[in-house]
Amino acid sequence: MFVIIGYVVVCASVFGGFALGGGHLAALLQPLELLMIGGGAGGAFLVGNNGKAIKATLKALPTIFKGSKYTKALYLELFALLYEILAKVRKEGLMAIESDVDAPHESPVFSKYPKIVSDHHVVEFITDYLRIMVGGNLNAFEIENLMDNEIDTHHHEGAVPAGVIAKLGDGMPAFGIVAAVMGVVHTMESVGIPPAELGILIAHALVGTFLGILLAYGFVGPLSTLLEQKHDESTKLYNVIKVTLLASLNGYAPQVAVEFGRKVLYSTERPTFMELEEYVKQSKSK
């Protein structure tokens with residue numbers, strides 16, 4: 001919603017200001033300039049990225065129109081799940097969660113938390129490290145290092161779309177200049193026409209530079225920032241899981257381990273201690 005509102009504000013401010021200053025909006029409607037800028041940028045996008053990056057970018061773009069799924073409600077479910085798993089381990093031993101880890105979608109514990117189960121990457125991250133804990137072959141420091149490496153890989157892989165869009169936006173002013181130069185070339189080869197018509201051609205050429213800069217900084221560039229913010233939110237979730245599981249490995253009780261994870265969250269999504277305690281109690285009674 002904010003993306004659409006932002007685009008409306010950009011267009012209203014730029015084109016509205018131009019019209020209020022006495023400009024004719026029809027003069028800015030240059031489909032051929034858009035073709036040169038958009039087509040050039042699109043071609044460069046295909047040339048400069050491999051299939052994986054292109055696929056990841058196209059998959060990520062629709063998410064910009066959706067709100068963040070990393071809400072307080074999601075983290076409450078995550079903490080309740082981790083608490084229940086760790087409490088089961090503390091009460092019955094690590095082998096008691098083996099069936100939950102091997103088949104999380106069939107587990108009565110995991111099935112209570114649909115927001116978590118719906119994200120197979122998160123479920124895989126949790127179950128992989130619970131499985132390692134069950135195996136008992138690695139200590140907390142080794143598991144922490146492994147987690148850091150996986151989170152770092154996740155972060156770099158997920159940052160690809162934002163980087164691709166940022167580079168695409170950076171190139172658009174240059175394609176705007178290309179379109180303008182092409183317009184100037186056309187103007188120079190038409191020097192024999194009347195001055196009024198020559199002025200129109202010059203105006204058309206200048207529109208290319210205008211559109212390139214507007215598309216770069218008003219439309220494409222902000223998308224890369226938004227994608228980067230969304231990706232940082234997903235990385236934060238993995239860090240929460242990491243801190244909670246490591247706290248448990250270091251001998252802390254489930255209540256304290258979950259509190260470690262709660263402290264990692266941004267203030268905008270972090271539930272209070274009482275909110276978390278109440279939610280965990282309700283989840284246990286299901």
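The structure displayed is predicted, hence computed values, not measured ones. (Residues numbered from 1 in each chain as written. Predicted model: local features only at pLDDT ≥ 70, side-chain atom pairs only at ≥ 80, totals over all residues. Heavy atoms only, no water.)

## Structural notes on the nonpolar core
Membership of the largest hydrophobic core comes to 43 residues, with the highest contact counts inside it found for Leu 78, Ile 116 and Ile 126. The dominant element in this core, judged by the number of residues it contributes, is helix H4 (residues 72-92), at 12 residues. Once residues within four sequence positions are removed from consideration, Ile 116 is found in contact with Leu 74, Glu 77, Leu 78, Leu 81, Val 122, Val 123 and Ile 126. Counting 16 residues, the second-largest nonpolar core is a separate cluster that includes Ala 53, Val 164, Ile 165 and Val 220. (Core = buried A, V, L, I, M, F, W, Y, C linked by side-chain atoms within 4.5 Å. Buried < 20%, exposed > 50% of the residue type's maximum accessible area, 1.4 Å probe, protein only. Helix = DSSP H or I, 4+ residues; strand = E, 2+ residues; numbered from the N terminus. Contact = heavy atoms within 4.5 Å.)

## Here's the deal with the environment of Glu 228
Within the secondary structure, Glu 228 sits in helix H10 (residues 195-249). Distance from Glu 228 to Ala 103, taken between C-alpha atoms, is 33 Å for residues 125 residues apart in sequence.

## Describing the pattern of salt bridges
Pairs can form between side chains of opposite charge whenever their charged atoms are close. Across all of its chains, the model carries 8 salt bridges by this definition. When the shortest N-O distance is used, the salt bridge between Lys 72 and Glu 275 registers 3.4 Å. Taken together, the residues Lys 72 in helix H4 and Glu 275 in helix H12 (residues 273-284) connect sequence positions 203 residues apart. The class of Glu 275 is partly exposed, set by a relative accessible area of 33%. Asp 100 serves as the salt-bridge partner of Lys 88, at 2.8 Å between the closest nitrogen and oxygen. One end of the pair, Lys 88, is in helix H4; the other, Asp 100, is in helix H5 (residues 98-102), and 12 residues separate them in sequence. (Salt bridge = Lys/Arg side-chain N within 4 Å of Asp/Glu carboxyl O.)

These figures capture arrangement, not role.
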